[in-house]
Amino acid sequence: METKKATRFNHLQKWESTLAACIRCGYCFEHCPLFKFTGWESDAPRAKLITAFGLLSGELELSETSADKMFNCFYCRRCEAACSSGVTLTDVFTDAKKDLVEMGYTGPGTTSITEPYCAQCLLCVQSCPHEARSHGENGIETDPVKCQSCGICVEICPAEAAKIVHTFGTGKADLIDASNRFLDTHTSAKAIVFACNWSYYPDLQASRLPESETHDRDYEIYVNMCAGRLETETLMAPFINHAWGVLVSCCPEDDCQHKDGGKRAKKQVARLQSILKSLDIDPERLQVVEIPNGDKTLFQAEIDTFIDRLNALGPIT
Ligand code: SF4
Ligand code: SF4
Ligand code: SF4
């Protein structure tokens, strides 16, 4: 059988022994926001390593579908933190993407694209924390290898021309729909918590706690890829739908992986707090808290404090 690895996967080649080091334990599964959203094993971090292994060995035929899987990643690195074998998965995915781009595949997977009606204002180019956007012959282009799917260009684009097509539940419309659905279907619902996936987002086991252990569902948690990109509509929609409050969790300022996400989130919340105040709504109903990566205890304590505060304030009348 013809082997494809020597000529086609020059960047992936160096990970051959690492790909074999993955013991397929599956610890990475429950931390991956893509897998949590789709429930498909083929979207889990382990499956992407197996796909990379298959492509490198030539046992898996390269197709649009197998290539696209490698472009689906938010680079949150939660899989790496959970990996029992110390595999640096995102480095593997990045090298796989380099090879695929050289072969003509560009995703987009979770990487951003630009619609033809782009105004070419260059705001996204200046704002991309990963230098993935540039102005080229064909207008604004995204380097799919450098793009880490943070969505900051999507939030900042005044023409709504920068887009992430495959959001896996983390885009503006997804978050608004999901929070509205929760508020509509739970009579005890009081709050929406928007959790930056980099700071803390509960694993699947925590998400499956019985209702009695999750405050009878008086709040629900939704993941986003950077607290600094939470749009006004996303944060205000729950108030229109009778929520008592909205809590945002972001990373400590020095920990932000997307340059100033925490600062931007605080600025956005402060701006919206003054709008709430002008509407005679207590600004404390919208708050932002810093949660260091993986600090489950602090995250829960901050939510409990917020819910206690909302209970003292009561519903918005
Ligand atoms: S980096 Fe995040 S999104 Fe990407 S595979 Fe790992 S857990 Fe999933
Ligand atoms: S911010 Fe939007 S309109 Fe401006 S250059 Fe980028 S994609 Fe085009
Ligand atoms: S701002 Fe984020 S989503 Fe947009 S191109 Fe840069 S890394 Fe990708």
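Throughout what follows, the structure given in this document is the object of discussion.

Parameters and conventions
Numbering of residues begins from 1 in every chain and follows the order in which that chain's sequence is written. Just so you know, chain letters begin at A and ligand numbers begin at 1, following the order they were written in. With the structure being a predicted model, the display of local features is reserved for residues of pLDDT at least 70 and the display and counting of side-chain atom pairs for 80 or more, all residues being used for whole-chain, interface and lining totals. Side-chain figures throughout are based on the complete set of non-hydrogen atoms in the structure, without hydrogens or water. Throughout this description, the term salt bridge denotes a Lys or Arg side-chain nitrogen within 4 Å of a carboxyl oxygen of Asp or Glu. Helix numbering and strand numbering both begin at the N terminus, where a helix is a DSSP run of H or I of at least 4 residues and a strand a DSSP run of E of at least 2. Buried, partly exposed and exposed residues are distinguished by accessible area as a fraction of the type maximum, computed with a 1.4 Å probe on protein chains only: under 20%, between the cut-offs, and over 50%, respectively. Any helix carries an expected span of 1.5 Å times its number of residues minus one. As used here, the arc is the angular range of directions from the helix axis to the C-beta atoms. Contacts are residue-level and defined by heavy atoms, with any inter-residue pair within 4.5 Å sufficient.

## Thoughts on the pattern of salt bridges
Scanning the model with the defined rule gives 12 salt bridges in all. Put simply, Lys98 and Asp95 hold a salt bridge, and the shortest N to O gap is 3.3 Å. Within this pair, Lys98 and its partner Asp95 are both found in helix 7 (residues 89-102), separated by 3 residues, close to a single helical turn. Here Lys98 falls in the partly exposed class, since its relative accessible area comes to 31%. The partner of Glu290 in a salt bridge is Lys266, and the shortest N-O contact between them spans 2.5 Å. Of this pair, Glu290 sits in strand 8 (residues 286-290) while Lys266 sits in helix 13 (residues 261-278); the two residues are 24 residues apart in sequence, bridging distant segments of the chain. Put simply, Lys14, Asp95 and Lys98 are held in one network by salt bridges that share partners.

## Considering helix 13
When the terminal C-alpha atoms of helix 13 are compared, their 26 Å separation across 18 residues agrees well with the 26 Å that a helix rising 1.5 Å per residue should span. For helix 13, every residue scored as buried is listed here: Gly261, Gly262, Ala265, Gln268, Val269, Leu272 and Leu276. The buried residues of helix 13 all sit within an arc of 125 degrees when viewed along its axis, so they share a single face. Turned more than 90 degrees away from the buried face of helix 13 sit Lys267, Lys277 and Ser278, all of them exposed. In this structure, the buried residues of helix 13 make contact with helix 12 (232-240), strand 7 (245-250) and strand 8.

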